[in-house]
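A structural walkthrough
Here are the chains, one letter per residue:
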Protein chains: 4
Amino acid sequence: MCRWMAWHGQSLLIDELLLKPKHSLIDQSLHSTMGAEPTNGDGFGLGWYGTGDGPGLYRSISPAWADANLRHLAGHIESPLFLAHVRATSGSAVQETNCHPHLHGRWLFVHNGLINAFPTVRRELTLAVDPELFTEIQGSTDSELLFYLALTNGLEDDPLTALERTIGFVEQAAARHGIDRAIQASIGVSDGERLWAVRYSSEGNSRTLFASADAHAIKQLHPENPRLQLLRDEDRLVVSEPIADLPGAWHEIPEATALTVLADGSHELRPFRPLAS
Amino acid sequence: MCRWMAWHGQSLLIDELLLKPKHSLIDQSLHSTMGAEPTNGDGFGLGWYGTGDGPGLYRSISPAWADANLRHLAGHIESPLFLAHVRATSGSAVQETNCHPHLHGRWLFVHNGLINAFPTVRRELTLAVDPELFTEIQGSTDSELLFYLALTNGLEDDPLTALERTIGFVEQAAARHGIDRAIQASIGVSDGERLWAVRYSSEGNSRTLFASADAHAIKQLHPENPRLQLLRDEDRLVVSEPIADLPGAWHEIPEATALTVLADGSHELRPFRPLAS
Amino acid sequence: MCRWMAWHGQSLLIDELLLKPKHSLIDQSLHSTMGAEPTNGDGFGLGWYGTGDGPGLYRSISPAWADANLRHLAGHIESPLFLAHVRATSGSAVQETNCHPHLHGRWLFVHNGLINAFPTVRRELTLAVDPELFTEIQGSTDSELLFYLALTNGLEDDPLTALERTIGFVEQAAARHGIDRAIQASIGVSDGERLWAVRYSSEGNSRTLFASADAHAIKQLHPENPRLQLLRDEDRLVVSEPIADLPGAWHEIPEATALTVLADGSHELRPFRPLAS
Amino acid sequence: MCRWMAWHGQSLLIDELLLKPKHSLIDQSLHSTMGAEPTNGDGFGLGWYGTGDGPGLYRSISPAWADANLRHLAGHIESPLFLAHVRATSGSAVQETNCHPHLHGRWLFVHNGLINAFPTVRRELTLAVDPELFTEIQGSTDSELLFYLALTNGLEDDPLTALERTIGFVEQAAARHGIDRAIQASIGVSDGERLWAVRYSSEGNSRTLFASADAHAIKQLHPENPRLQLLRDEDRLVVSEPIADLPGAWHEIPEATALTVLADGSHELRPFRPLAS
């Protein structure tokens, strides 16, 4: 059911966090311990901000653990803000356009979870997408549709409210069809300056999501790495499951809660409540 | 802009027609001479009837000319009725779900051409798909959408009328948006017993389409092949462009015309006229 | 570290054994319980005999569990003799030419296991391949090299002796380099009429390998399947791990033992002893 | 038969040269005008120096013209020195390990051309590779083998002499087998500081190869691009065929000639003469 991670902080080589740590996201693609499935081998993606206009994007249908290109890219691209995702399909095709992150303009979006009974509500949700945005849809997943619904609901102006409206709308649509437990959602969103992470599920039992406690946590991950010893308190890492066995270094993001990380690294948690439309 | 072929006749190894002939469809993937583009390297597909329930399907995003699997499959699968397609994208993603043939139940569908200004009309066309069918859509092409519109319009009951309604509807939708030359369509459809081929374009200048003249044509293709010398008059081959340089062996299907090949191999041409809805 | 299966018996649709059974090989690609690794997601392959000249071959770098084409092919190809393999690389590239079965003329070859310290002995083993055969090598695995060494050592005349010579040679080469536990090998070989299966490892602790007890075993797998109820006593299935939980239905092939299944379905076990050269 | 390009100069976004120019290398993948084949659709690769240790590498079996990832990477990676290659196979498998550039340590290598009658000489050439290097070979092409022979012959100490020895050795091996016109080679090599380009063929009729005349040439390519107007005289571009129609802006590298570009951008041509071993 997917795993993801996001980094917001000083610029560093992506593999310092994506590949080198113990139980990294790439290791989770083969051996997830907290996910709904141990294997997340149905493609992956990496989106990053840095050199060039807007986010860069690399998505592949190969399992992340075996992708030679990913190792090269992660070892040769520096970024102060990136999101990575490994996918376990809940039924839709394994194709690059179904891999995360999804991209629109400067925005990146990753999702772990699912819309329950998606075939039943897919058409109704699709119709609710702004016609201007609809034409960009290239894949067939619930996740991509969530992203375009959120854009329709104002993601670029007020991301958390847009996500609350979107999930509220999904829950209402599900209710109209008599579907229980409408949505499972651990979501990461960025515009290249700020980062948002949401943990929510209709059933109140969401996929795991953690944020790094502070710079000390990252430093403890790599005492041998002089670069990481330079971490600032403002650096922040968000992960589906802790990327190394460091009790005390991670804060679990609570149920129905959203994390905002601002451009200066300051961050806050607030309740996440789906909004009726 | 794609090339395709279809065979309706006695059972034979697929590579006898798909690979071995001079200027075969696989050669056309690299060197089309009559297509809108010489290269059709954005994936391909093969659908066939024979052993097993309903049609078999093999689609790949590799160029057909380089696909080792295709050579093996074509050399080891016998079929009395198959459709093959090589793709040149007009913009949508290169992914298996965008490759032809498209499949629904016992039906296969291939398309060469395009819906003009597709991003403008895509949403309106999508909304017109039967909600039960909508949920099957996995790709993002105009062609897949045409197929689901045709199914919505009764393809399984009366294929040519369904296609006339579908193309009429596309032309009306285009007209509402002020779009000229709404559609280019060379279409092949089969239910495993019968084969239909349509050549139509709003501008009256359609992609090429040919049908084999009679068994003699095929025999002349391979005088050295004892198997093909056994061809019956009922065997029929339909191609986007002649697969070998045999003047007289091919009938060009006229503009705005549909070919029907029945289960017993008898065939007829009739005018194809888009129907207003 | 790979899992494989082979069928030698009456002709049937490949998916009756490859996909439909509980804990099928495709399920083992995601959830192997007896293999060195639970996940065998680094490509797969299917080789079969039937229609057409020599074996057909379909190999892909996608995980088997997610490959839409494999489901179609297995559901539409009938064969009396086929081998299938799911791969977990021990380091060499994920590419089709590194997937099994390997093919030469009428021969198919699958391997589960590894040559220990392969980089150290690779060159010496490569030099020992017959120069005429050397030019066919397209991949970079220990397994493909084992196949070409076996062909060099007379596989086409006397498969088991050729494999005993090959493994003896590998063990001698390893010894010259001071390498312990030279090889792990569960091997399947066929010429389209007969099937051989070998279980051997230098350390005497080989990968698992099982043969179906008799037709009753297969019938019990699918009491609901009228086709399988027609199985003959001569039908034989060989698997890396039992494809369903049926105690008593499987014979474990013992350590250092080779199984031969003849064209008429008769079979015998005999000791497998590496031969010094 | 492949096309390639190399950039040695100030750091810029790769797509400024790889994608944006008229008749760029990516356009040549679909419409080469000077190559042995118009289509170079059997995979591609990009190697670059910049951030991170040693060269970065992205190789794919997709045609370059359709690869969404390539567009993203080229638009988001800056480099002062990169090589790109589009492939048309002369027979070996389409797989990433057969795509260029090839990489060893800090070295990148691209090749357009072929070793004539490669299957005949492949084994003899393979045996001549240093055993320590042999174990790195993952593909099956003449090009990768040329690279490892050149490394064996001292590429890292004296690249041009190593290439002269390598090609001399290939010509001698071919002569021993009675093979005429042993090799066609347009080669690019870099260690991250310097760039070498060689144009040579046994028959004295080599694949085309051009170097940019001076900074003015590049500026004329993009009068509208303020960044390129900043080009220095030391910037140098090497291409299989001119990337835009600018007579006077390109120097054809003569037959049997090598170009060296030093770290400071100074460059010189000298004769290239295969050395007997």
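Residues numbered from 1 in each chain as written. Chains lettered and ligands numbered in written order. Predicted model: local features only at pLDDT ≥ 70, side-chain atom pairs only at ≥ 80, totals over all residues. Heavy atoms only, no water.

**Focus: the relation of the copies chain B and chain A**
Heads up, the condition is: Overlaid copies result from least-squares superposition on C-alpha atoms, with residues included only where pLDDT is at least 70 in both. Between two residues, a contact is recorded if the distance between any of their heavy atoms is within 4.5 Å.
The transform that puts chain B on chain A rotates by 180° and translates by 0.0 Å along the axis, for an RMSD of 0.0 Å. In symmetry terms, the pair is related by a two-fold rotation axis. Both copies share a contact surface, since 100% of the interface residues of chain B are interface residues in chain A too.

**Examining the interface of chain B and chain A**
This is how the line gets drawn: A quick way to say it: buried area is the sum, across both parts, of accessible area lost when two parts are put together, with a 1.4 Å probe. For this analysis, a polar contact is any N or O atom pair within 3.5 Å, provided that within protein one partner can donate a hydrogen and the other can accept it, and provided that sequence-adjacent residues contribute only side-chain to side-chain pairs. The numbering of helices and of strands both runs from the N terminus, where a helix is a DSSP run of H or I of at least 4 residues and a strand a run of E of at least 2. When residues are grouped by polarity, Ala, Val, Leu, Ile, Met, Phe, Trp, Tyr, Cys and Pro land in nonpolar, Asp, Glu, Lys and Arg in charged, and all others, Gly among them, in polar.
In this complex, chain B contributes 16 residues to the contact, which on the side of chain A involves 16 residues. It is Arg122(B), Arg123(B) and Phe134(B) that lose the most area in chain B upon contact with chain A, and together they represent 37% of the buried surface on that side. Summed over the shared surface of chain B and chain A, the result is 16 residue pairs in polar contact (both at pLDDT 80 or more). Secondary-structure elements contributing two or more residues to the side of chain B that touches chain A are helix H4 (118-127) and helix H5 (131-134) of chain B. Residue contributions to the side of chain B that touches chain A peak at 5 residues, all from H4(B). In the side of chain B that touches chain A, the residues fall into 7 nonpolar, 7 polar and 2 charged.

**Examining the interface of chain D and chain A**
Note the cut-off: Just to be clear on terms, a salt bridge is a Lys or Arg side-chain nitrogen sitting within 4 Å of an Asp or Glu carboxyl oxygen.
Listed as interface residues are 20 residues of chain D and, on the opposing side, 20 residues of chain A. Interface of chain D and chain A: buried area, both sides summed, is about 1500 Å²; carbon and sulfur atoms make up 58% of it. When residues of chain D are sorted by the area they lose upon contact with chain A, Thr51(D), Asn69(D) and His76(D) head the list and together hold 38% of the total. In this structure, the connection of chain D to chain A is made through 0 salt bridges. Where chain D touches chain A, the interface holds 12 residue pairs in polar contact (both at pLDDT 80 or more). Among the elements of the structure, strand S3 (56-60) and helix H3 (68-76) of chain D are those that each provide at least two residues to the side of chain D that touches chain A. In terms of residue count, the dominant contributor to the side of chain D that touches chain A is H3(D) (5 residues). Considered class by class, the residues forming the side of chain D that touches chain A number 8 nonpolar, 8 polar and 4 charged.

**Remarks on the pattern of salt bridges**
For clarity, the cut-off: Partly exposed describes any residue whose relative accessible area lies between the buried limit of under 20% and the exposed limit of over 50%, with all areas from a 1.4 Å probe on protein chains only and scaled to the type maximum.
Applying the stated criterion across every chain yields a total of 36 salt bridges over all chains. For the salt bridge of Arg176(B) with Glu124(B), the shortest nitrogen-to-oxygen distance reads 2.4 Å. With Arg176(B) in helix H7 (residues 159-176) and Glu124(B) in helix H4, the pair connects residues that are 52 residues apart, well separated along the chain. Its relative accessible area of 53% is what places Arg176(B) among the exposed residues. We classify Glu124(B) as partly exposed; its relative accessible area is 24%. A cluster of three or more residues bridged by salt bridges with shared partners is formed by Arg199(A), Glu252(A) and Glu255(A).

**Digging into the sheet that holds strand S13 (residues 267-271) of chain A**
Residue and element names in this part refer to chain A. To keep things clear, this is the line we draw: We treat two strands as partners when DSSP finds at least two bridges between them. Axis lines are fitted through C-alpha atoms, for helices just across the contact stretch, and the angle between N-to-C directions can take any value from 0 to 180 degrees.
Read across the open sheet, the 6 strands follow the order S5-S6-S7-S8-S12-S13; overall the sheet is antiparallel. Every interior strand has two partners, whereas the edge strands, strand S5 (102-104) and S13, have only one. Across the sheet, the mean angle separating the axes of adjacent strands is 15° when strand polarity is ignored. Inspection of the sheet shows S5 paired to strand S6 (residues 107-115) by 3 bridges, in the antiparallel sense. Note on S6: the bridge partner recorded for His104 is Trp107. Sitting on the sheet, helix H7 (residues 159-176) touches S6, strand S7 (183-190), strand S8 (195-201), strand S12 (257-261) and S13, and the angle it makes with S7 is about 155°.

**Regarding the packing of aromatic side chains**
Rules: Ring pairs shown here join Phe, Tyr and Trp side chains whose ring centres sit within 6.5 Å, with only the six-membered ring taken for Trp; geometry is labelled stacked below 30 degrees between planes, edge-to-face above 60, and tilted in between. A ring is scored as having a charge over it whenever the NZ atom of a lysine or the CZ atom of an arginine sits within 6 Å of its centre and within 35 degrees of its normal.
Applying the stated criterion across every chain yields a total of 22 aromatic pairs over all chains. Judged by centre distance (5.0 Å) and plane angle (20°), the ring pair of Phe109(B) and Phe147(B) falls under stacked. On the criterion of sequence distance, the pair formed by Phe109(B) in strand S6 (residues 107-115) and Phe147(B) in helix H6 (residues 142-152) is long-range, its members being 38 residues apart. Members of the aromatic cluster, each reached through a chain of ring pairs, are Phe44(A), Tyr58(A), Phe44(D) and Tyr58(D). For the cation-ring pair, Arg122(B) lies above Phe134(A), with the distance from its terminal atom to the ring centre recorded as 5.0 Å.

**Some remarks on the confidence of the model for chain A**
Let me state the cut-off plainly: A residue's pLDDT is the confidence the predictor assigns to it, expressed on a 0 to 100 scale.
Summarising the model, chain A shows a mean pLDDT of 91, and 97% of its residues fall at 70 or more. Here the complex is predicted with pTM 0.94, and the ipTM for its interfaces comes to 0.92.

**A look at the side chain of Arg3(A)**
Residues and elements named next belong to chain A. Within the fold, Arg3 resides in strand S1 (residues 3-13). Overall, Arg3 belongs to the buried group, its relative accessible area being 1%. For Arg3, the side chain forms a polar contact with the side chain of Asn112, separated by 3.3 Å.

**Some words on the pairing of strand S10 (residues 236-239) of chain C**
Residues and elements named next belong to chain C. Taking every second residue as pointing to the same face, both faces of S10 are buried, with Arg236 and Val238 on one and Leu237 and Val239 on the other. Judged from the 4 bridges that link them, strand S1 (residues 3-13) and S10 form a sheet pairing that is antiparallel. In the sheet register, His8 faces S10, and the bridge partner there is Arg236.

**Let's talk about the relation of the copies chain D and chain A**
Once turned by 180° and shifted 0.0 Å along the axis, chain D lies on chain A with an RMSD of 0.0 Å. A shared interface surface links the copies, since 100% of the contact residues of chain D are contact residues in chain A too.

**Quick look at the sheet that holds S1(C)**
Where strands meet in a sheet, backbone hydrogen bonds hold them as pairs that are either parallel or antiparallel. An order of S3-S2-S4-S1-S10-S9-S11 (chain C) is seen for the 7 strands of this open sheet, with the pairing classed as antiparallel. The open sheet has two edge strands with one neighbour each: strand S3 (56-60) and strand S11 (250-252) of chain C. Taking each pair of neighbouring strands and ignoring which way they run, the sheet shows an average axis angle of 15°. Taken strand by strand, helix H3 (residues 68-76) of chain B contacts strand S2 (44-49) and S3 of chain C, and its axis lies near 150° from that of S3(C).

**Examining the pairing of S7(A)**
All names here are of chain A. The buried fraction of S7 amounts to 8 of the 8 residues, a majority that puts the element mostly inside the structure. With burial as the criterion, each face of S7 is covered, one bearing Ile183, Ala185, Ile187 and Val189 and the other bearing Gln184, Ser186, Gly188 and Ser190. Bridge analysis of S6 against S7 gives 8 bridges, and the strand direction is antiparallel. Each bridged residue has a counterpart across the sheet, and for Leu108 the counterpart in S7 is Ser190. As paired elements, S7 and S8 share 7 bridges and run antiparallel to each other. Note that in S8 the partner of Gln184 across the bridge is Ser201. Where S7 folds back on S8, the antiparallel hairpin that results is connected by 4 residues, among which Gly192 adopts a positive phi of roughly 95°.

**Some remarks on the packing of helix H6 (residues 142-152) of chain A against H7(A)**
All names here are of chain A. Heads up, the condition is: Our angle categories are set so that under 35 degrees counts as roughly parallel, over 145 as roughly antiparallel, 65 to 115 as roughly perpendicular, and the remainder as oblique. What makes a crossing left-handed is the near helix being turned counterclockwise from the far one by less than a right angle; a clockwise turn instead makes it right-handed.
H7 packs onto H6 with a crossing angle of 120° between their chain directions and a minimal axis gap of 8 Å. With respect to each other, H6 and H7 are oriented oblique. The chirality of how H6 crosses H7 is right-handed. When H6 is examined against H7, the residues Leu146, Leu149 and Ala150 are found in contact with a partner set consisting of Ala162, Leu163, Thr166, Phe169 and Val170. In terms of residue class, the contact of H6 with H7 is built from 7 nonpolar, 1 polar and no charged.

**Observations regarding the environment of Asn225(A)**
Structurally, Asn225(A) is set in the loop between helix H8 (215-221) and strand S10 (236-239). Taking the C-alpha atoms as reference points, Asn225(A) and Asp158(A), 67 residues apart in sequence, are found 38 Å from one another.

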